[in-house]
Amino acid sequence: MEQHLSLYRIFYTVANTGNISQAAKQLYNSQPAISKSISRLEESLGVTLFSRSSRGVTLTEEGKILYQHVRAAFEAIDTGEEQIRRMTALDMGNLHIGVSNTLCKFILLPYLQAFIEAYPHIKILISCLSSNQTLALLDSGKIDIGLVAHPESLRTLDFYSLGTIQDIFVASPAYLENLDLKQEEMSNGRQLFEKATLMLLDKHNMTRQYIDDYLTANHLQTHHTIETTSMELLIEFAKIGLGVGCVIKEFVQEELEKGQLIEIPLDIPIHRREIGFTYVKKRQQEKAVQHFIDFYKSAKEN
């Protein structure tokens, strides 16, 4: 088929014009060369594709069947070429983003509306995934860009930092009052975690793994835990007094200011984590990905 591709183009043009002379002009070739190419194609297929007359050429029944398929193929190629031209001229393209529910709500969405307004022709698909899932799909090329906490190893990835976040433990005033702990017991953490119901994200979540490392490193034991897949639920559970929730401070500022939640002081604070956009280095060259990265760099600088 690869050897016949140029012959099919000649066949397609002759069939459209119904005249070898006109086809030769369109293809910038000679009439004898066009006629020879048609003969070669007919010989290879073992059929006659055109009926010749003084008026020009017409398709035979076999030629009509072949033309239907060749026309569909070349129209598909023309459509693909046109889409590429439009992508270049109008900044069209597809962008598949992987992000956790929490980072999507608090970090991605506030900027996404402005990006869509700037690049309305870029089609955006958002998959709500854990950070580990996002990194795995980036490696396999199934998504274009991810919004995650800085991974331990970047390997083939580039990372553009958006800043840092702070993990903290919070609870409602009523819940802390019911625990009946002294101030020094609160800040020490050991008595708090032993008595309180600790609410955490599930073990597949990168945030949970980070907190587990913190608890293990500081020899903090937990006896009563509740797990959920959503930080929004952790926040709501903490507000109604269900337990002590491990949340991101930047995402509960309003609740802290209103006194709905109280941050529990720790004598050994949790180190801040860096978050940002990550993508496979070679994917940065794709127009939609590059626009997205440049847009957020500009938004951060301004």
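For the structure, check the block above.
About the criteria used
Residues numbered from 1 in each chain as written. Predicted model: local features only at pLDDT ≥ 70, side-chain atom pairs only at ≥ 80, totals over all residues. Heavy atoms only, no water. Helix = DSSP H or I, 4+ residues; strand = E, 2+ residues; numbered from the N terminus. Rg over C-alpha atoms; globule rule 2.2 N^0.38 Å. Buried < 20%, exposed > 50% of the residue type's maximum accessible area, 1.4 Å probe, protein only. Contact = heavy atoms within 4.5 Å. Areas by Shrake-Rupley, 256 points an atom, 1.4 Å probe, with all protein chains shown as cover. Phe/Tyr/Trp six-rings, centres within 6.5 Å; stacked < 30°, edge-to-face > 60°. Lys NZ or Arg CZ within 6 Å of the ring centre and 35° of its normal. Pairing = 2+ DSSP bridges. Axes fitted to C-alpha atoms, helices over the stretch in contact; angles between N-to-C directions. Core = buried A, V, L, I, M, F, W, Y, C linked by side-chain atoms within 4.5 Å. Right-handed = clockwise from strand over helix to strand, strands pointing away.

Caption draft 1: Focus on the overall build of the chain. Helix and strand counts for the chain come out as 13 helices and 12 strands. Taken against the 2.2 N^0.38 rule, which gives 19 Å for 302 residues, the C-alpha radius of gyration of the chain at 32 Å runs more than 25% over that of a compact globule. On the principal axes, the C-alpha backbone points of the chain span a range of 105 × 40 × 35 Å. Each of the 302 residues in the chain was classed as buried or not, and the buried ones make up 43%. Partitioning the intrachain contacts of the chain with sequence separation of at least 6 by distance along the chain shows that 72% fall at a separation of at least 24. Total accessible area on the chain is roughly 16800 Å²; 50% of this is exposed by carbon and sulfur atoms.

Caption draft 2: Layout of unusual backbone geometry. A positive phi angle, close to 55 degrees, is found at Tyr-28, a residue other than glycine. Following the sequence through the fold, Tyr-28 ends up in the loop between α2 (20-26) and α3 (31-45).

Caption draft 3: Up close: the packing of aromatic side chains. Applying the stated criterion across every chain, the model contains 13 aromatic pairs. Measuring from ring centre to ring centre gives 5.0 Å for Phe-277 and Tyr-296, while their planes differ by 50 degrees; the resulting arrangement is tilted. Note that Phe-277 is positioned in strand β12 (residues 273-280) and Tyr-296 in helix α13 (residues 287-301), a separation of 19 residues in sequence. Judged by relative accessible area, which is 4%, Phe-277 ranks as buried. One aromatic cluster in this structure is built from Tyr-111, Phe-115, Tyr-119, Phe-277, Phe-292, Phe-295 and Tyr-296. Just above the ring of Tyr-210 sits the side chain of Arg-273; from NZ or CZ to the centre is 5.2 Å.

Caption draft 4: Local environment of the sheet that holds strand β5 (residues 145-149). Pairing within the open sheet is mixed, and its five strands lie in the order β4-β3-β5-β12-β6. Each having just a single partner strand, β4 (122-128) and β6 (157-165) make up the two edges of the open sheet. Averaged over all neighbouring strand pairs, the angle between strand axes comes to 20 degrees, with direction disregarded. Summarising the sheet, β6 and β12 pair through eight bridges and their orientation is antiparallel. Among the inter-strand pairings, Phe-159 is bridged to a residue of β12, identified as Thr-278. Contacts from helix α6 (residues 131-139) reach β3 (93-99), β5, β6 and β12 within the one sheet, and its direction differs from that of β5 by about 145 degrees.

Caption draft 5: How the structure looks around the nonpolar core. Grouped together as the largest cluster of nonpolar side chains are 46 residues, with contacts concentrated most on Leu-108 and Phe-292. Other than its neighbours up to four places away in sequence, Leu-108 contacts Ile-97, Val-99, Leu-103, Ile-126, Leu-147, Phe-277, Phe-292 and Tyr-296.

Caption draft 6: Summary view of the pairing of strand β9 (residues 224-228). Note that strand β8 (residues 197-201) and β9 share five bridges and pair parallel. Its bridge partner lying in β9, Leu-198 is registered against Thr-225. Each parallel crossover has a hand, and for β8 linked through helix α10 (residues 206-217) to β9 it is right-handed.

Caption draft 7: Structural detail: the sheet that holds strand β7 (residues 167-171). Strand order across the open sheet formed by five strands is β9-β8-β10-β7-β11, with mixed pairing between neighbours. Every other strand in the sheet has two partners, leaving β9 and β11 (262-263) as the edge strands with one partner each. Across the sheet, α10 lies against β7, β8, β9 and β10 (244-248), angled at about 85 degrees from β7, the strand it touches most. Helix α11 (residues 231-239) rests against β7, β8, β9 and β10 of the sheet, and its axis sits at about 135 degrees to β10.

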